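Residue strings, one per chain:
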Amino acid sequence: MKTIGILGGMSAASTQTYYRQLCALTQAQLGGLHSPELLIRSLDFARIEALQAAGQWAAAGDILNAEAHALERGGAACIVLATNTMHKLAEPMMQGITIPLLHIADATAARIVSAGLRTPGLIATAFTMEQTFYRARLEAAGLQPLTPATADRALVHQIIYGELCKDITTPASRAAFEQVAARLVAQGADSLILGCTEVGMLLNQGNVSVPVFDTTLIHCEAALAFALTP
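Residues numbered from 1 in each chain as written. Predicted model: local features only at pLDDT ≥ 70, side-chain atom pairs only at ≥ 80, totals over all residues. Heavy atoms only, no water.

Draft legend 1. Structural context of the overall build of the protein chain. When you go through the protein chain residue by residue, the secondary structure sums to 10 helices and 6 strands. The globule rule puts the C-alpha radius of gyration for 230 residues at 17 Å, and the 17 Å found for the protein chain is close to it. Overall, the protein chain is about 45 × 40 × 35 Å in size when its C-alpha atoms are taken along their principal axes. Counting all 230 residues of the protein chain, 51% fall into the buried class. Sequence-distant contacts, at least 24 apart, represent 73% of the contacts inside the protein chain between residues at least 6 apart. (Helix = DSSP H or I, 4+ residues; strand = E, 2+ residues; numbered from the N terminus. Rg over C-alpha atoms; globule rule 2.2 N^0.38 Å. Buried < 20%, exposed > 50% of the residue type's maximum accessible area, 1.4 Å probe, protein only. Contact = heavy atoms within 4.5 Å.)

Structure follows, in structure tokens:
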């Protein structure tokens, strides 16, 4: 089994989900006492969020690059960036790195295409919904992603940073996310991407009327498949 390098802490709630998912997937696939071989570097998200808010993405990229180098030196065979939003910095993060990055948007796009769907709704941080770094990879796979209206994007972003990243969930926020998802379906979405690694704390196949693609689970499945490939 190859060692999976996880660059996380953005947020801690998301990284905990990655660990649980990878352990559960490995146990389900291999049985016995098996668990995944992992290296985890978890950052202080307060520092990263401050750089995001200030628009200092280059400085954040330098931090991620240093951590990617540390994972490679530690023996990781691949890198999993445990956040959708910070894939904005995938290219600077991987400067000088020889092991592969398993890109969350590519894994998600491949799963949607294989399901025969084409118009996914995207619920994520404002960075991911409004900038091109993520949607462009979906479009390159032949998808036509839909994003919520301006007010809904602002509401989703606020709940992600104000609650979910702090491991807080409330019935009111769950209802708000369900309403945003329903409006995307009414807009024409044939599926829904949980495009922030914390969104699965509120939305799942049980409360969304179209097929749901949980990027965290898909990313973990892709990482384990890589780790188990001879």
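Draft legend 2. Structural context of the environment of alanine 222. Along the polypeptide, alanine 222 turns up in helix H10 (residues 215-228). Residue classification places alanine 222 among the partly exposed residues on the basis of a relative accessible area of 27%. When the C-alpha positions of alanine 222 and threonine 108 are compared, they lie 9.4 Å apart, and in sequence the two are 114 residues distant.

Draft legend 3. Unusual backbone geometry, seen in detail. The residue after methionine 10, namely serine 11, is reached through a cis peptide bond having omega 15 degrees. Relative to the helices and strands, serine 11 is located in the loop between strand S1 (4-8) and helix H1 (12-30). The residue aspartate 167 is not glycine, and still its phi comes out positive at about 65 degrees. By the element assignment, aspartate 167 lies in the loop between helix H8 (150-162) and helix H9 (171-187).

Draft legend 4. Geometry of the packing of aromatic side chains. Taken as a whole and judged by the stated rule, the model has 3 aromatic pairs. Pairing tryptophan 57 with phenylalanine 127 gives two aromatic rings, centres 5.1 Å apart and planes at 85 degrees, and the pair type is edge-to-face. Here tryptophan 57 is found in helix H3 (residues 57-73), whereas its partner phenylalanine 127 is found in helix H6 (residues 126-130), with 70 residues between them in sequence. Phenylalanine 127 matches tryptophan 57 in its accessibility class, with the two residues each being buried. Judged by centre distance (6.5 Å) and plane angle (85 degrees), the ring pair of phenylalanine 133 and tyrosine 134 falls under edge-to-face. Exposure class is identical for phenylalanine 133 and tyrosine 134. Each is buried. Seen from the ring of tryptophan 57, lysine 88 lies directly overhead, with NZ or CZ sitting 5.0 Å from the centre. (Phe/Tyr/Trp six-rings, centres within 6.5 Å; stacked < 30°, edge-to-face > 60°. Lys NZ or Arg CZ within 6 Å of the ring centre and 35° of its normal.)

Draft legend 5. Representation of the sheet that holds strand S5 (residues 191-194) in the model. Pairing is parallel across the open sheet formed by 3 strands, whose spatial order is S4-S5-S6. With partners counted over all chains shown, the strands left at the sheet margins are strand S4 (120-123) and strand S6 (212-214), one partner each. The sheet shows a mean angle of 20 degrees between the axes of neighbouring strands, taken without regard to direction. Across 3 bridges, S5 lies against S6 in parallel orientation. The residue bridging isoleucine 193 from the neighbouring strand is phenylalanine 213, located in S6. Packed onto the sheet, H9 meets S4 and S5 and runs at close to 150 degrees relative to S4. (Pairing = 2+ DSSP bridges. Axes fitted to C-alpha atoms, helices over the stretch in contact; angles between N-to-C directions.)

Draft legend 6. Spotlight on the packing of helix H2 (residues 45-53) against H3. One way to put it is that H2 packs onto H3 with a least axis distance of 8 Å and a crossing angle of 150 degrees. On the basis of their axis angle, the class for H2 and H3 is roughly antiparallel. Together, Arg47, Ile48, Leu51 and Gln52 of H2 and Trp57, Ala59, Ala60 and Ile63 of H3 make up the contact between the two elements. Grouping the constituent residues of the contact of H2 with H3 by class yields 6 nonpolar, 1 polar and 1 charged. (Parallel < 35°, antiparallel > 145°, perpendicular 65-115°, else oblique. Nonpolar A, V, L, I, M, F, W, Y, C, P; charged D, E, K, R; others polar.)

Draft legend 7. Representation of the side chain of asparagine 84 in the model. Along the chain, asparagine 84 turns up in the loop between strand S3 (78-81) and helix H4 (90-93). A polar contact of 3.1 Å, which involves the side chain of asparagine 84, links it to the side chain of threonine 215. Not counting the four nearest positions on each side in its chain, asparagine 84 is found in contact with Ile104, Thr128, Phe133, Tyr134, Leu194, Gly195, Cys196, Thr197 and Thr215. (Polar contact = N/O pair within 3.5 Å; in protein donor to acceptor, adjacent residues only side chain to side chain.)

Draft legend 8. Looking closely at the sheet that holds strand S2 (residues 38-42). Overall, parallel pairing links the 3 strands, which are arranged S2-S1-S3 in an open sheet. Single-partner strands in this sheet number two, and they are S2 and S3. With strand direction ignored, the average angle separating the axes of adjacent strands in the sheet is 20 degrees. Here S1 runs beside S2; their pairing, made up of 5 bridges, is parallel. When the bridges of S2 are listed, leucine 7 appears paired with arginine 41. Each of S1, S2 and S3 is contacted by H1, which is oriented at about 170 degrees to S2, the strand it contacts most. Relative to the sheet, H3 contacts S1, S2 and S3, its axis offset from that of S1 by approximately 155 degrees.

Remember that the coordinates give geometry; whether it matters functionally is a separate question.
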